[in-house]
Structure formats: C-alpha cells, structure tokens
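Take a look at the letters that make up each chain.
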Amino acid sequence: MTVQIDVTPVGAASIGPALATARARQPTPPAGGILEATIALGPAAARLEALRSGAYVVTTGQQPGLLGGPLYGLYKGLAAAALAARLESELAQPVVPVFWVAGDDHDFREANHAAVLSTESDLLELVLRERPHDAAQLTLAQELVGDEISAVLTSLAEATPETEFKEGILSTLGRCYQPDATLADAYANWMAALLARAGVVVFRAYARSAKATAAPLLLQALERRAHRLAASGPVPTPQDATLVMVDSRLGRDRLIEDDGAYHTRRSQERWTTGALETLA
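None of these values were measured; they are calculated from a predicted model.

Chemist: For this particular structure, what's the right way to read the sheet that holds strand 7 (residues 241–248)?
Modeler: Within a sheet, neighbouring strands are paired by backbone hydrogen bonds and run either parallel or antiparallel to one another. The sheet built from four strands is open, its strands ordered 7-8-9-10 with antiparallel pairing. Where the open sheet ends on each side, the last strands, each with one partner, are strand 7 and strand 10 (270–271). Both strand 7 and strand 8 (residues 251–258) contribute to a ladder of five bridges, which runs antiparallel. Residue Ala-241 lies in a different strand from strand 8, and its bridge partner there is Ile-256.

What follows is the structure, given as structure tokens:
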C-alpha cells in the first residue's frame, strides 16, 4: 500500500488518489459497542448521528495524561477536526473526527504529571503521585485519580495567572478529574469538553463495550507473532510474544506463546486458548 503524505494535512495540495478511493465505497456504520463507548458533547453530539449512519472518520488519539497531558494531544484533536472538515467538503459526504483514548496504557510515570507556565512564566511541574516500583502495573483505565488531585488543582489555581477563562477551566477540570474517576475516564471527559466545539467525538477504546466488539480481532491477533512487526521497527519482545495483553496479577502483561497455550511475560500465569476465548 502506498500512502501519500502532504506537507500539512490542511494545506492547499489535493489528497488525490485517496479521495477517489473513498468516493468509490461507502463506509460501514460502526457496531453498537463502539458507539456506546463514545463521548460527544455540545456540537460533537450532532456528529454522532452521522457516525451511526456510516460516515467516514478521521481518527487520532493519545494515552491519558494528568490535566490533559502534553498539548500535542489537544493539537492532534484539532488537526483531525480540520482534516475532517476539508475531506467533508471534498467528498461531499459526512466526515467525523474521532479522538480515541488509549486507556489500556499502563505507563503511570507518563500520566502522573503535567507542566504549566506559572504567573512568572516559569515551567511548573505538577505531580499527582508516584507508583511504587513493585506495584501492579494497572492500566490507566483501572488507576483511580485519587485524593491527591485536590492538591494538584489547588497548586494549578495558585500558580497560574487570572484570566477570563480560568474559572471555567478549573471548574471543568474539577468535574472531570474527580478522586473516584479513573485517569482514563478523567482524560476522556476533559478532552471531550475541550474538543466539543470542534465537533470531535471521543472514543474510549478501553470501555467494556468496545472490548467486546474487538474480541474477534484480539483472538486473531494471538496468532500473529511480534517478530512480524520487527521489519517495520524495533519490537523489544521475545520472538514468541503475541500482540495481545491481559490483566494479570501484576497488572497489564503480554501473552507469550507456550507449547500450544500462552503465559504472561512477567507473572508467568498460564492461559489456554479456551480460557482466553472465554475471557474475550
């Protein structure tokens, strides 16, 4: 497959052959489980009907981060919205921007902090907490925000300048980043609020309904070896590693093929194919 890449997705150059291919086929409406896993607020809610009817989509995404994480996550969403608007005009068909949240990521050290500019224009790092080295590697869809968020939001309010937007932003952040919310859900709700006016639908890829819809694909992926990916880049996994992970007693763990069955890489828990089919 040949992919044509423009200098910028919203530049003046034509997307060319991809448009002709898109015009020649009609996209398939997503399964109900996919739609159940979406968040669409304000203007974005109107795009859900187009999605139900089988609109084209422009997708982007990011793993969760504290207070929205790095700004490039927001820029991804806005870029997807701009590209969707351009394609919708050129195709004369609905195109919906979708931002998917990778809540199955378990890198807590990447998600536990945020950097902001203070009133004095200094870079201030706000840290939620640290995860003990020997703790279970919970996914961010399982890791709760926790009570530490109160101190983080207080520090954010004290360190940043007063503007006409500040009160509303802090209020929305407080509603999204509740102590009993997961980091993934908090991030998904915050991004949905930020990107609503751009018409971006947020997809919680970690949601139970989405996982149920994806189950057949996950089972197929068990048959594919990680070394098949090695040709396109470094894959630091054993040769018999699969592309599938499960929740083990040590948290998120990769499945390794093991004499007709599977075991998890870190916890060494053994799974039969039948057990994994039942889990899926």
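Chemist: In this structure, what is going on with helix 7 (residues 166–176)? I would like to understand it.
Modeler: The periodicity of an α-helix, 3.6 residues per turn, causes residues three or four positions apart to be oriented the same way. For helix 7, the full list of buried residues reads Lys-166, Thr-172, Leu-173 and Cys-176. Viewed along the axis of helix 7, the buried residues span an arc of 135 degrees, placing them on a single side of the element. Counted as exposed and oriented over 90 degrees from the buried face of helix 7: Glu-167 and Arg-175. Those residues of helix 7 that are buried are in contact with helix 6 (149–159) and helix 8 (183–195).

Chemist: I tried to follow the pairing of strand 9 (residues 261–264) on my own but got confused; where do I start?
Modeler: Along any regular strand, the residues point their side chains to alternate faces of the sheet. Along strand 9, one buried face is formed by Ala-261 and His-263 and the opposite face, lined by Tyr-262 and Thr-264, is buried too. Relative to strand 9, strand 8 runs antiparallel, the two being bridged by four bridges. Looking at strand 9, one finds that Leu-255 is bridged to Thr-264. As defined by bridge partners, strand 9 adjoins strand 10 across two bridges and the pair is classed as antiparallel. Note that in strand 10 the partner of His-263 across the bridge is Arg-270. Counting the residues that bridge the hairpin from strand 9 to strand 10 gives five residues, and of these Gln-268 lies at a positive phi of roughly 60 degrees.

Chemist: Please clarify how the nonpolar core should be interpreted in this entry.
Modeler: What tends to happen in soluble globular proteins is that the nonpolar side chains get buried as a cluster. One finds Leu-66, Leu-67, Phe-99, Ile-149, Tyr-177 and Val-202 to be the most contacted residues of the largest nonpolar core, which totals 35 residues. Looking at this core, the elements that each hand over two or more residues are helix 4 (71–91), strand 3 (95–101), helix 5 (108–111), strand 4 (113–117), helix 6, helix 7 and helix 8. Of the residues forming this core, the biggest block, nine residues, is contributed by helix 8. Residues Ala-37, Leu-48, Phe-203 and Ala-207 belong to the second largest nonpolar core, which totals 14 residues.

Chemist: Looking at this model, I keep getting lost on the pairing of strand 2 (residues 56–62). Mind explaining?
Modeler: Summarising burial for strand 2: five of the seven residues are buried, a large majority. The parallel pair strand 2 and strand 3 is bridged by helix 4, and the resulting crossover is right-handed.

Chemist: Would you mind showing me how to read unusual backbone geometry here?
Modeler: Peptide bonds are trans in most cases, and residues, glycine excluded, mostly fall at negative phi. A positive phi angle, near 50 degrees, is found at Asp-259, a position not held by glycine. By the secondary structure assignment, Asp-259 is in the loop between strand 8 and strand 9. Phi is positive for Gln-268, which is not a glycine, with a value near 60 degrees. Relative to the assigned elements, Gln-268 resides in the loop between strand 9 and strand 10. Residue class for Gln-268 comes out partly exposed when judged on its relative accessible area of 49%.

Definitions and cut-offs
- Sequence order as written defines the numbering, with residues in each chain counted from 1.
- Two thresholds apply to this predicted model, a pLDDT of at least 70 for residue-level local features and 80 or more for giving and counting side-chain atom pairs, whereas whole-chain, interface and lining totals are computed over all residues.
- The side-chain quantities take in all heavy atoms of the structure and omit both hydrogens and water.
- Pairing between two strands is assigned when DSSP locates at least 2 bridges connecting them.
- The helix count covers DSSP runs of H or I at least four residues long, the strand count covers runs of E at least two residues long, and both are numbered beginning at the N terminus.
- For every residue, the accessible area obtained with a 1.4 Å probe (protein chains only) is divided by the maximum for its type, and the residue is called buried under 20%, exposed over 50%, and partly exposed between those limits.
- Summarising the geometry, the arc corresponds to the directions from the helix axis toward the C-beta atoms.
- Only heavy atoms matter for contacts: two residues are in contact if any of them lie within 4.5 Å across the pair.
- Throughout this description, the term nonpolar core refers to a set of buried Ala, Val, Leu, Ile, Met, Phe, Trp, Tyr and Cys residues connected via side-chain atoms within 4.5 Å.
- Handedness of a crossover is defined as follows: with both strands directed away from the viewer, a clockwise route from the first strand across the helix to the second makes it right-handed.

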